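One-letter residues, chain by chain:
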Amino acid sequence: GENVEQHPSTLSVQEGDSAVIKCTYSDSASNYFPWYKQELGKRPQLIIDIRSNVGEKKDQRIAVTLNKTAKHFSLHITETQPEDSAVYFCAAGGQNFVFGPGTRLSVLP
Amino acid sequence: EAQVTQNPRYLITVTGKKLTVTCSQNMNHEYMSWYRQDPGLGLRQIYYSMNVEVTDKGDVPEGYKVSRKEKRNFPLILESPSPNQTSLYFCASSFVSDNEQFFGPGTRLTVL
């Protein structure tokens, strides 16, 4: 079955700096890779996703890259703001989904 | 308002007492799924449904049952709950499987 690893588990950055979170997956059949943000006490919400036929996708300050050969994908957040502080989860799948264990991002003012 | 609803939001029960957590969506989504969230483990998929009458096991299906008799509803059934099923449960839905999943507000279950 699919296995998703995510690093780092915690990340602290200064406001305005960039943050990068990396995930690896094991099942080459996975074709959809979403990223979810979960603020404390709230439900996860999608922030960006990428499909296996695309190498990179960008939405304002957020970008995701996918390397199918190496089976890894990364989330990039530029110009971080305090409201970016949350737990971020990557996931891989197509029908069933496996999530990474999460990265707690703290943006320090 | 487009949404996914879950009930109850909080539940404390005892070992062995059957319970059902309901999930309903009003977005005409085909795909629905149940997850449990435990500290340090992220979200783990319990069961998912590609459409009405089509359900399949996720990563952690043991001790759970689901049904999908109508498109909008996807209840999670614990026939004989045990303390290791104490967790935060999320229901989610999407138009199709490889699309944004919308999560419900979560159900915090404690099994004593």
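Structure: see above.
Residues numbered from 1 in each chain as written. Chains lettered and ligands numbered in written order. Predicted model: local features only at pLDDT ≥ 70, side-chain atom pairs only at ≥ 80, totals over all residues. Heavy atoms only, no water.

With that settled, the discussion passes to the sheet that holds strand β3 (residues 19-25) of chain A. By definition, the strands of a sheet pair up through backbone hydrogen bonds, in either a parallel or an antiparallel sense. Residue and element names in this part refer to chain A. On the basis of which strands lie adjacent, the open sheet formed by five strands has the order β1-β3-β8-β7-β6 and antiparallel pairing. Two strands bound the open sheet, and with one partner strand each, they are β1 (4-7) and β6 (56-59). With direction set aside, neighbouring strand axes in the sheet form an average angle of 15 degrees. As paired strands, β1 and β3 are joined by four bridges and run antiparallel to one another. Of the residues in β3, the one forming a bridge with His 7 is Lys 22. (Pairing = 2+ DSSP bridges. Helix = DSSP H or I, 4+ residues; strand = E, 2+ residues; numbered from the N terminus. Axes fitted to C-alpha atoms, helices over the stretch in contact; angles between N-to-C directions.)

Moving on, we get to the interface of chain A and chain B. Contacts between the two partners involve 17 residues from chain A, matched on the other side by 21 residues from chain B. Our enumeration of links across chain A and chain B arrives at one salt bridge. The salt bridge involving Asp98(B) is made with Arg51(A); its shortest N-O contact spans 3.9 Å. Applying the counting criterion to the chain A and chain B interface returns eight residue pairs in polar contact (both at pLDDT 80 or more). Of all the secondary-structure elements, those providing two or more residues to the side of chain A that touches chain B are β4 (32-38), β5 (45-51) and β10 (97-99) of chain A. When grouped by side-chain class, the residues that make up the side of chain A that touches chain B number nine nonpolar, five polar and three charged. (Contact = heavy atoms within 4.5 Å. Salt bridge = Lys/Arg side-chain N within 4 Å of Asp/Glu carboxyl O. Polar contact = N/O pair within 3.5 Å; in protein donor to acceptor, adjacent residues only side chain to side chain. Nonpolar A, V, L, I, M, F, W, Y, C, P; charged D, E, K, R; others polar.)

This next bit is on the pattern of salt bridges. Any two side chains of opposite charge can pair, given that their charged atoms come close. Residues and elements named next belong to chain A. Per the stated rule, a full pass over the model turns up eight salt bridges over all chains. As a salt-bridge pair, Arg 61 and Asp 84 come within 2.9 Å of each other at their nearest N and O atoms. Taken together, the residues span a long stretch of sequence, with Arg 61 in the loop between β6 and β7 (62-67) and Asp 84 in the loop between β8 (72-77) and β9 (86-93) at a distance of 23 residues. Using a relative accessible area of 7% as the deciding quantity, one classes Asp 84 as buried. (Buried < 20%, exposed > 50% of the residue type's maximum accessible area, 1.4 Å probe, protein only.)

On to the state of the cysteines, then. Tallied over the entire structure, the rule returns two disulfides over all chains. There is a disulfide in this structure between Cys23(A) and Cys90(A), and the S-S distance comes to 2.0 Å. Between Cys23(A) and Cys90(A), the S-S torsion sits near -100 degrees, and that sign places the bridge as left-handed. Taken together, the residues span a long stretch of sequence, with Cys23(A) in strand β3 and Cys90(A) in strand β9 at a distance of 67 residues. Take Cys23(A) and Cys90(A): they sit in the same class, and that class is buried. Between the sulfur of Cys23(B) and that of Cys91(B) lies a disulfide, 1.8 Å long from S to S. Because the sign of the S-S torsion sets the handedness, a value of about -70 degrees for the bond joining Cys23(B) and Cys91(B) places this disulfide among the left-handed ones. (Disulfide = S-S within 2.5 Å.)

Inspection of the secondary structure assignment puts Gln38(A) in strand β4. On the basis of relative accessibility, which here comes to 9%, the residue Gln38(A) falls in the buried class. Among the polar contacts listed, one links the side chain of Gln38(A) to the backbone oxygen of Lys42(A), at a separation of 2.9 Å. Ignoring sequence-local partners within four residues, the contact set of Gln38(A) consists of Arg43(A), Pro44(A), Ala86(A), Val87(A), Phe89(A), Gln37(B) and Phe90(B).

Distances and angles like these do not, on their own, reveal function.
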